[in-house]
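Architecture and fold: a report
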Amino acid sequence: MAAADIARQVGEGCRTVPLAGHVGFDSLPDQLVNKSVSQGFCFNILCVGETGLGKSTLMDTLFNTKFEGEPATHTQPGVQLRSNTYDLQESNVGLKLTIVSTVGFGDQINKEDSYKPIVEFIDAQFEAYLQEELKIRRVLHTYHDSRIHACLYFIAPTGHSLKSLDLVTMKKLDSKVNIIPIIAKSDAISKSELTKFKIKITSELVSNGVQIYQFPTDDESVAEINGTMNAHLPFAVIGSTEELKIGNKMMKARQYPWGTVQVENEAHCDFVKLREMLIRVNMEDLREQTHTRHYELYRRCKLEEMGFKDTDPDSKPFSLQETYEAKRNEFLGELQKKEEEMRQMFVQRVKEKEAELKEAEKELHEKFDRLKKLHQDEKKKLEDKKKSLDDEVNAFKQRKTAAELLQTQGSQAGGSQTLKRDKEKKNFF
Amino acid sequence: MDTLRQSPSPCSSRPSSPRTPPFEMFGPVGIEAVLDQLKIKAMKTGFEFNIMVVGQSGLGKSTMVNTLFKSKVWKSAMPSLEVPTPQTLELHSVSHVIEEKGLKLKLTVTDTPGFGDQINNDKCWDPVLGYINQQYEQYLQEELLITRQRHIPDTRVHCCVYFVPPTGHCLRPLDIEFLRRLCRTVNVVPVIARADSLTIEEREAFRSRIQQNLKTHCIEVYPQKCFDEDINDSILNGKIREQIPFAVVGADQEHLVNGRCVLGRKTKWGIIEVENIAHCEFLLLRDLLIRSHLQDLKDITHNVHYENYRVIRLNEGSGAVAQVVERSP
């Protein structure tokens, strides 16, 4: 049999070869895009912010539609997350949008644990994806990715600085999700206050070491626009679903006695910038960052926690496989032990039941014997009685015959009529 | 390794999740822009494509690769007389980066000189299968690491082009054995090599006999029927399936025909133009491999073949680890 030799020649570390004509693989991106379009995209946004800051309204405005849901009350006992999934379609692109919103954030008196449900939710999504990835038979390409791609953090428009709750929450979230801080209801702040507010917020974030999402500036086509946008963070937004007639166009706006705030006017608020950045320019980058950075970090920590570790150069090359194996054997061993235990318990129970039944049987036998004895006693008694009665009857008969004899002897001398009469009397007896 | 196509269709058109109500939007939002973002990302990371050519020596494999990618991927294909034909089956891999309109493609071509050349060709598919599985193994190891790389280098064979010698009769036992084994682990595209030795009628008859052979032995070549996603795909792939295997001619020299410079083979009775559909079906092969189904080849390799391998591997346990570790150099 011919021996096999596998030789690998990578010519000078992969040189570039010139093409002598049009080959045609420049259609590759189109092929890729067509495949993606047929599969559809999915995007998950998490909105964190206090009740009443306009999270749902902003989502409605951002995606130009009316999502369902009633506003939350201020009386929630704890922070909960409400998640809704919607299928949006624009020309031939389908987007599965999931919007997760915090309910009752910042309403409690003691807010120490407010961030926990949020962190747990994000971790749960990572965990679900990790479980799917670790399965033996998996369907990753049709898996509905529920990991949070972007977290919009709503800052209350106080005009001073960030609240400590905000700082703590953002610090806990920055290593798990892409945070985009936005100033909500910014029509409550004037322009000069706004610039000061923004500067204050960014300096506080930097001094506390909170890493917010920076729009990527490494690709020339988007570097410029992303660079300018980075300077405008956090965006000051206003949300509104009402349309008002301004000039001769219908626009989304909010009307006050002193004027009208237009949502899509860049001079009034940064809503357009947010929409550009979030959807039109960086959606794919947000997804990629979530997958390559946050998810990988989670995965690494989780696997190390579970006891797996990567190999060192001189150990066998498949330690993950072996740990898998070891775990599986452990698990099987445990199963077997449990099975044994159950079997033992079963045997014991059977024995107990058997003993019980035996007892019962014995009792029954005893009872039967007792009854039998009683029966016999009674029978004996009756027989005795019968015997005594018989004796009496015999005795009586004897006396009777003796008496008759005496009578016949005595009345032979007397008249036979009296005899007859006596006889009749006796016969009558 | 007989667990086969129990895997479901690789990509369904919608991710499986609870039915959600479709929402109407009252105006443009800009979701379409994500397509452009995808394209930009793809252009930045570049693409990889790994192709393997298998066939007996002298069938024009290296020339075909050069013709497909219009570049000297392989240096001079003709073996010189002093170099003896290889006594063992070796696999040679060469990687190049080719660029077209700003798009970079890292192309890896694996050749198998010595395939089917020995007197006893028993188990000559083992080294080939071993190589393919080794690439899967490498990828799997990378994927299972705790600290993984951002972009795992993909060396898995995406497509295996099998060259059938133009006997004109039917598939030989060696071909059938090889195809049967390989079609389960990799996408196989059979082609009739050196088709300039067959007339058009002979070509058609040969093709139909090959198709019959493939059907009798249940060999599913690319594009596989079970992975057709929807009706459009079935129609498109059905047309391709009717014409598999393509009858191809490879040439890397240019000649002058009617004032145009074309790639072709010059013989005393005429010039065979490679890119003329009336002469040979090279264009169909090129379109299938590069222009329309390249991404699909990669997807099926990743979603189906690699997953099958992974399932078998993770189920086997450490017994197989020793085997594979022995095999790797």
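The numbers attached to residues start from 1 for each chain and follow its sequence in the written order. Chains carry letters from A onward and ligands carry numbers from 1 onward, assigned in written order. In view of the model being predicted, local features appear only for residues whose pLDDT reaches at least 70, and side-chain atom pairs are presented and counted only at 80 or more, with totals across whole chains, interfaces and linings using the full set of residues. Working from all heavy atoms in the structure, the side-chain values ignore hydrogens and water.

**Comments concerning the overall build of chain B**
What counts, and what does not: We count a stretch as a helix when DSSP gives it H or I for four or more residues in a row; a strand needs E for two or more, and each element gets its number in order from the N terminus. Exposed residues in this analysis have more than 50% of their type's maximum accessible area, buried residues have under 20%, and partly exposed residues fall in between, with area computed by a 1.4 Å probe over protein chains only. Every residue pair with non-hydrogen atoms within 4.5 Å of one another is taken to be in contact. Accessibility throughout is a Shrake-Rupley quantity obtained with a 1.4 Å probe, and a residue counts as covered only by protein chains that appear here.
A tally of helices and strands in chain B yields nine helices and ten strands. Out of the 329 residues in chain B, the part that is buried amounts to 55%. Sequence-distant contacts, at least 24 apart, represent 70% of the contacts inside chain B between residues at least 6 apart. In the form shown here, chain B has an accessible surface area of approximately 15,300 Å², with 55% of it arising from carbon and sulfur atoms.

**A word on the overall build of chain A**
Looking only at helices and strands, chain A has ten helices and eleven strands in total. Burial analysis of chain A (429 residues in total) assigns 39% to the buried set. Here the contacts in chain A between residues at least 6 apart in sequence split such that 67% fall between residues at least 24 apart. Just so you have it, chain A exposes about 25,700 Å², and 54% of that area is on carbon and sulfur atoms.

**Some remarks on the nonpolar core**
Considering soluble globular proteins, one finds that nonpolar side chains tend to be buried as a cluster. Test applied: Nonpolar core, defined: a set of buried Ala, Val, Leu, Ile, Met, Phe, Trp, Tyr and Cys residues in which side-chain atoms within 4.5 Å join the residues together.
With 88 residues, the main nonpolar core has Phe49(B), Met52(B), Phe69(B), Leu182(B), Val189(B) and Leu289(B) as its most contacted residues. Counting residues per element, this core draws most heavily on helix H3 (residues 125-144) of chain B, which supplies nine residues. Excluding residues within four positions of it along the chain, Met52(B) makes contact with Leu91(B), Thr110(B), Val128(B), Tyr131(B), Ile132(B), Val157(B), Cys159(B), Cys160(B) and Val161(B). Formed by 87 residues, the second largest nonpolar core is a distinct cluster that contains Cys151(A), Ala184(A), Leu274(A) and Leu35(B).

**Brief notes about a nonpolar patch on the surface**
The condition is simple: Within the patch definition used here, like charges are joined within 9 Å and nonpolar side chains (Val, Leu, Ile, Met, Phe, Trp, Tyr) within 5 Å, considering only residues with over 30% relative accessible area and no salt bridge. Any Lys or Arg side-chain nitrogen found within 4 Å of a carboxyl oxygen on Asp or Glu counts as a salt bridge.
Together, Phe331(A), Leu332(A) and Leu335(A) make up an exposed nonpolar region whose accessible area comes to about 300 Å². Tracing the backbone shows Leu332(A) in helix H9 (residues 319-413).

**Considerations on empty space enclosed by the protein**
By rolling a water-sized probe across the atoms, one finds the places where empty space is left. Our working rule: A cavity, in this analysis, means grid points on a 1 Å lattice covering only the protein atoms where a 1.4 Å probe fits yet has no way out; a pocket is instead an open set bounded by protein on both sides within 12 Å along at least five of seven lines, and a residue lines either one if it has an atom within 4 Å of a point. Grid points are joined across faces, edges and corners, and a volume is the space filled by probe spheres set on the points. In this count, Pro and Cys sit with the nonpolar residues alongside Ala, Val, Leu, Ile, Met, Phe, Trp and Tyr, while Asp, Glu, Lys and Arg are called charged and the others, Gly among them, polar.
Here the structure, examined in full by the defined rule, presents four cavities of 30 Å³ or more. In this structure, the second largest cavity is lined by Glu133(A), Leu134(A), Arg138(A), Arg299(A), Glu143(B), Leu144(B), Arg148(B) and Arg310(B). Counting only elements with at least two residues in the lining of the second largest cavity, the list comes to helix H3 (115-134) of chain A together with H3 of chain B. Broken down by class, the residue content of the lining of the second largest cavity amounts to two nonpolar, no polar and six charged.

**With respect to the domain arrangement of chain A**
What counts, and what does not: Domain ranges listed in this record stem from an automatic or a database domain assignment.
Here chain A is described as being made up of domain 1 (37-306) and domain 2 (319-385). The straight-line distance from the C-alpha centre of domain 1 of chain A to that of domain 2 of chain A is 65 Å.

**So, the UniProt feature "domain: Septin-type G" (unreviewed entry) in chain A**
We count it as follows: UniProt positions are given in the numbering used here, feature names are shortened, and annotations may be inferred rather than shown by experiment.
Per the UniProt entry, the sites bearing "domain: Septin-type G" (unreviewed entry) are residues 39-305 of chain A in this numbering. Structurally, residues 39-305 of chain A is divided into 39% helix and 22% strand, and its ends, taken at the C-alpha atoms, are 34 Å apart.

**Describing the sheet that holds strand E11 (residues 259-262) of chain A**
Each strand in a sheet pairs with its neighbour through backbone hydrogen bonds, running either in the same direction (parallel) or in the opposite one (antiparallel). Residue and element names in this part refer to chain A. Put simply, the test is: In this analysis, strands are considered paired if DSSP registers two or more bridges between them. What counts as an axis is a line fitted to C-alpha atoms, over the stretch in contact for a helix, and the angles between N-to-C directions run from 0 to 180 degrees.
Strand order in the open sheet formed by three strands is E9-E10-E11, with antiparallel pairing between adjacent strands. Each having just a single partner strand, strand E9 (243-246) and E11 make up the two edges of the open sheet. Direction aside, neighbouring strands of the sheet carry axes that sit 65° apart on average.

**Some thoughts on helix H6 (residues 231-243) of chain B**
Residues and elements named next belong to chain B. To keep it simple, the criterion reads: Expected helix span is given by 1.5 Å per residue-to-residue step, counting one fewer step than there are residues.
Its 13 residues give H6 an end-to-end C-alpha distance of 19 Å, which sits within 8% of 18 Å, the value for a rise of 1.5 Å per residue. Taken residue by residue, H6 has Asn-237, Gly-238, Ile-240 and Arg-241 as its buried positions. On the buried face of H6, the contacting elements are helix H5 (200-216), strand E7 (246-247) and helix H7 (282-292).

**Considerations on the packing of aromatic side chains**
Remark: the centre distance and the inter-plane angle together describe each pair of aromatic rings, the angle taken between the planes. Definition in use: Any two rings among Phe, Tyr and Trp, with Trp reduced to its six-membered ring, count as a pair given centres within 6.5 Å; such a pair is stacked if its planes are under 30 degrees apart, edge-to-face if over 60, and tilted if neither.
Per the stated rule, a full pass over the model turns up 13 aromatic pairs over all chains. Between Phe126(A) and Tyr295(A), the aromatic rings sit 6.1 Å apart at their centres with planes inclined by 50°, giving tilted as the arrangement. Of this pair, Phe126(A) sits in helix H3 while Tyr295(A) sits in helix H8 (residues 283-306), placing them 169 residues apart in sequence. Note on accessibility: Phe126(A) and Tyr295(A) belong to one class, buried. Taken together, a centroid distance of 5.5 Å and an interplanar angle of 35° make the contact between Tyr136(B) and Tyr309(B) tilted.

**Observations regarding the packing of H8(A) against helix H1 (residues 33-45) of chain B**
Between two packed helices, both the angle of their axes relative to each other and the distance between the axes serve to describe the pair. Here is the rule we go by: Any angle from 65 to 115 degrees is called roughly perpendicular, while one under 35 is roughly parallel, one over 145 is roughly antiparallel, and all others are oblique.
Relative orientation of the contacting elements H8(A) and H1(B) amounts to 60°, with a least axis distance of 8 Å. As far as their axial angle goes, H1(B) and H8(A) are oblique. Contacts between H8(A) and H1(B) involve Met283(A), Glu284(A), Asp285(A) and Glu288(A) on the former and, on the latter, Val34(B), Gln37(B), Leu38(B) and Lys41(B). A class-by-class count of the residues in the contact of H8(A) with H1(B) yields three nonpolar, one polar and four charged.

**Describing a negative patch on the surface**
All names here are of chain A. The condition that has to hold: Asp and Glu count as negative and Lys and Arg as positive, but His and the ends of the chain are not part of the count. Positions of charges follow a simple convention, taking NZ of Lys, CZ of Arg, CG of Asp or CD of Glu.
A contiguous patch of negative charge, built from Glu-352, Glu-356, Glu-359, Glu-363, Glu-366 and Asp-369, is present on the exposed surface. Mapped onto the elements, Glu-359 comes out in helix H9. Here Glu-359 falls in the partly exposed class, since its relative accessible area comes to 47%.

**Here we look at the environment of Arg194(B)**
Residue and element names in this part refer to chain B. Of note, Arg-194 is situated in the loop between strand E6 (188-192) and H5. Linking Arg-194 and Leu-236, residues 42 residues apart in sequence, is a C-alpha distance of 26 Å. Apart from the residues within four sequence positions on either side, Arg-194 is in contact with Gly-58, Leu-59, Gly-60, Pro-166, Val-248 and Arg-265.

**Digging into the sheet that holds strand E9 (residues 260-267) of chain B**
Residue and element names in this part refer to chain B. Taking strand neighbours across the sheet as the criterion, the three strands line up as E8-E9-E10 in an open arrangement whose pairing is antiparallel. Two strands close off the open sheet at either side, each with one partner strand: strand E8 (254-257) and strand E10 (270-273). Adjacent strand axes in the sheet meet at a mean angle of 70° when their direction is disregarded. Across four bridges, the pairing between E8 and E9 is antiparallel. Note on E9: the bridge partner recorded for Leu-256 is Cys-261.

**Examining the confidence of the model for chain A**
Residues and elements named next belong to chain A. Here is the rule: pLDDT runs from 0 to 100 and stands for how confident the predictor is about each residue.
Here chain A averages 83 in pLDDT, and 89% of its residues register 70 or above. Looking over chain A, one finds the lowest element-wise mean pLDDT in strand E1 (residues 4-8), namely 30, and the highest in strand E6 (residues 150-155), namely 92. Across residues 1-12, confidence stays below pLDDT 50; counting only partners more than four residues off in sequence or on other chains, it has 26 contacts. Confidence drops under pLDDT 50 across residues 312-318; counting only partners more than four residues distant or on other chains, this segment forms eleven contacts.

**Describing the pattern of salt bridges**
Charged atoms that come close allow side chains of opposite charge to pair. All names here are of chain A. Summed over the entire model, instances satisfying the criterion amount to 42 salt bridges over all chains. In this structure, Lys-96 and Asp-87 form a salt bridge, with 3.5 Å as the shortest nitrogen-oxygen distance. When its relative accessible area of 13% is taken as the criterion, Asp-87 is described as buried.

**A word on the pairing of strand E2 (residues 47-54) of chain B**
Residues in a regular strand point their side chains to alternate faces of the sheet. All names here are of chain B. The buried fraction of E2 is high, at eight of eight residues. Alternating residues of E2 divide into Phe-47, Phe-49, Ile-51 and Val-53 and Glu-48, Asn-50, Met-52 and Val-54, and every residue in both groups is buried. Across seven bridges, E2 lies against strand E4 (residues 103-111) in parallel orientation. Among the inter-strand pairings, Phe-49 is bridged to a residue of E4, identified as Leu-107. Taken together, the four bridges between E2 and strand E5 (residues 159-164) define a ladder with parallel strand orientation. Residue pairing in the sheet places Ile-51 in a bridge with Cys-159 of E5.

**A look at the packing of H3(A) against helix H4 (residues 164-173) of chain A**
All names here are of chain A. The condition that has to hold: Crossings are sorted by hand: turned counterclockwise from the far helix by less than a right angle, the near helix makes the crossing left-handed, and turned clockwise it makes it right-handed.
Contact geometry of H3 with H4 gives a least axis separation of 10 Å together with a crossing angle of 20°. One way to sum up the angle between H3 and H4 is to call them roughly parallel. In this structure, H3 meets H4 at a crossing whose hand is right-handed. Here H3 contributes Tyr-115, Ile-118, Val-119 and Ile-122 to the contact with H4, which in turn contributes Val-168, Thr-169, Lys-172 and Leu-173. Partitioned by chemical class, the residues of the contact of H3 with H4 number six nonpolar, one polar and one charged.

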